[in-house]
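Listed below, chain by chain, are the residues.
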Amino acid sequence: MNPKKEKALVVAPRIWKSSKNYHNSVEEISLLISTLGVQVKNVIEQKINNINPAYFIGSGKAKQVIEQAKMLGVNYIIFDEDLSPVQTKNFQKLDKEIKLLDRPGVILEIFFRNAKSKESKTQVELARLQYQLPRLTRLWTHLERQMGGFGTRAGAGETQIEVDRRIIRKKISLLKKKLKSIDSERRVQSKKRKSFFRASFVGYTNVGKSSLMKSVTKSDVLIKNQLFATLDTTVRRLYIGNNNHILLSDTVGFIRNLPDNLIASFKSTLQEVVDSDLLLIVLDANSKDLFNEIETIKSVLKEIHADQINYQYVFNKIDLVDQDKISYLKQSFPESIMVSATRSLQVSDIKDAIIKKYEEWISALKNPSH
Ligand SMILES: Nc1nc2c(ncn2[C@@H]2O[C@H](COP(=O)(O)OP(=O)(O)OP(=O)(O)O)[C@@H](O)[C@H]2O)c(=O)[nH]1
Ligand SMILES: [Mg+2]
């Protein structure tokens, strides 16, 4: 093991009466943290009745968390929840050395590292600065920025904070302008595609959307066993016979607690989804937390105003489950398609489903009254 590897203590508050699946959430945050190359040393699961506005957990427990973090010698305390800027600041007052991150902060950092295109880089940078601005407490020094550090930590003096705040605000307004012009370019492109039937793969991160895109369209897209490998939208033609084609797109994946400002700044990337005539909602047949994942997907779709679009469930990775699970899924989701992208199992069912919806779409265009 790399002795220099950074370490984290995870705090997973269990809120009384919440329907959240804690076990899966802890597993997921651990995966997110390891994506950042940080090792999870311990997870504190803390039952709470109410969210404490000062520390999320009780103040006595907050101090214990700091003590344990010091004892373990970790670099980060990471909350598997959204912390308010005030809660973040209060933790920093308890200890000046340990960096504090919450779930949206971890997700933002992964997006930041994976952004490659001009568009996704601009979008992530905007979301990241908007997240950092209210959390700035003697932490985000120029030095730290140069060192590429992440998380929030106490450090510089008050004057430095004011200077940093001003720089960040200026940068935010510049990035917004830049995104506006990227967005209008995209709109021009999108208008040209208006006359075509458009379908999009959407779903949780790492379920195999890009693998299906590759398999269905034979195009070369990035596939990785990594959370948030895809941050940009890829649109490809899919020929469906009689010299007709539709447009199929692959885009960024979703996850629980996707930061709001990230969704907002990814508006133009997600526009392809919003403009779709059909959503192919990809689900992992092997997932242990299917219903919560569906819930998350639906809530993101609602947030971007894509919840009224026709959709089709596609269960991928069926090679990883047994026949009982397949029967159960078929029973629970009678209209769904079962495929495996990597084993090329029944992938043609996706194309067939697209053609069926395309034909319905064409006939609705011809007979608008029906
Ligand atoms: N066993 C199995 N693995 C699969 C299948 N489809 C995809 N995978 C694997 O799942 C991982 C994620 O695949 P991607 O296609 O990158 O997933 P994605 O949904 O595009 O992920 P993001 O872009 O990160 O949101 C890769 O390691 C794939 O090889 C499948 O049918 N069976
Ligand atoms: Mg992908």
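Please refer to the structure placed before this passage.
All of the points below concern the structure found in this document. (Residues numbered from 1 in each chain as written. Chains lettered and ligands numbered in written order. Predicted model: local features only at pLDDT ≥ 70, side-chain atom pairs only at ≥ 80, totals over all residues. Heavy atoms only, no water.)

## Notes on the sheet that holds strand 8 (residues 278–284)
Judged by pairing direction, the sheet is mixed, and its 6 strands sit side by side in the order 6-7-5-8-9-10 without closing on themselves. At either end of the open sheet lies a strand with only one pairing partner, and these are strand 6 (234–239) and strand 10 (337–338). Strand direction decides the pairing type here: strand 9 (residues 311–316) and strand 10, joined by 2 bridges, are parallel. The residue of strand 10 that forms the bridge with phenylalanine 315 is methionine 338. Where helix 11 (residues 290–303) meets the sheet, it contacts strand 5 (198–203), strand 8 and strand 9, and its direction lies at approximately 150° from that of strand 8. (Pairing = 2+ DSSP bridges. Helix = DSSP H or I, 4+ residues; strand = E, 2+ residues; numbered from the N terminus. Contact = heavy atoms within 4.5 Å. Axes fitted to C-alpha atoms, helices over the stretch in contact; angles between N-to-C directions.)

## Comments concerning the site of ligand 1
Around ligand 1, the structure places 23 residues, and the nearest of them are Lys209, Ser211, Ala229, Thr230 and Asp319. Residue phenylalanine 228 places a main-chain N or O atom 3.1 Å away from an oxygen atom belonging to ligand 1. Within the contact set of ligand 1, a nitrogen atom lies 3.1 Å away from a side-chain nitrogen or oxygen of asparagine 316. Protein chains shield 89% of the accessible area of ligand 1, which is 650 Å² for the free molecule. Take the shell around ligand 1: its biggest share by element is 3 residues, from helix 8 (residues 209–217). Class assignment for the residues of the shell around ligand 1 results in 7 nonpolar, 12 polar and 4 charged. (Near = heavy atom within 4 Å. Polar contact = N/O pair within 3.5 Å; in protein donor to acceptor, adjacent residues only side chain to side chain. Areas by Shrake-Rupley, 256 points an atom, 1.4 Å probe, with all protein chains shown as cover. Nonpolar A, V, L, I, M, F, W, Y, C, P; charged D, E, K, R; others polar.)

## Points about the sheet that holds strand 2 (residues 39–48)
A sheet is described by the order of its strands in space; here 4 strands give the open sequence 2-1-3-4, paired in parallel fashion. Each edge of the sheet is formed by a strand with only one pairing partner; in this case those strands are strand 2 and strand 4 (99–102). Each adjacent strand pair in this sheet contributes to an overall mean axis angle of 20°, direction not counted. Relative to strand 4, strand 3 (residues 76–79) runs parallel, the two being bridged by 4 bridges. Its bridge partner lying in strand 4, tyrosine 76 is registered against lysine 99. Strand contacts of helix 1 (residues 22–35): strand 1 (7–15), strand 2 and strand 3, with the helix running at about 155° to strand 1, the strand carrying the most contacts. Contacting strand 3 and strand 4, helix 4 (residues 103–114) runs over the sheet at an angle of about 90° to strand 4.

## Structural notes on the nonpolar core
In this structure, Phe111, Phe228, Leu248, Leu258 and Ile350 are the most contacted members of the largest nonpolar core, which totals 78 residues. For this core, the two domains that each supply at least three residues are domain 1 (7–158) and domain 2 (194–366). Excluding residues that lie within four positions of it along the chain, leucine 258 makes contacts with Ile107, Phe111, Phe228, Gly253, Ile263 and Val300. With 18 residues, the next largest nonpolar core counts Phe56, Phe79, Phe91 and Leu100 among its residues. (Core = buried A, V, L, I, M, F, W, Y, C linked by side-chain atoms within 4.5 Å. Buried < 20%, exposed > 50% of the residue type's maximum accessible area, 1.4 Å probe, protein only. Domains from an automatic or database assignment.)

Interpretation in functional terms is not warranted from these geometric data alone.
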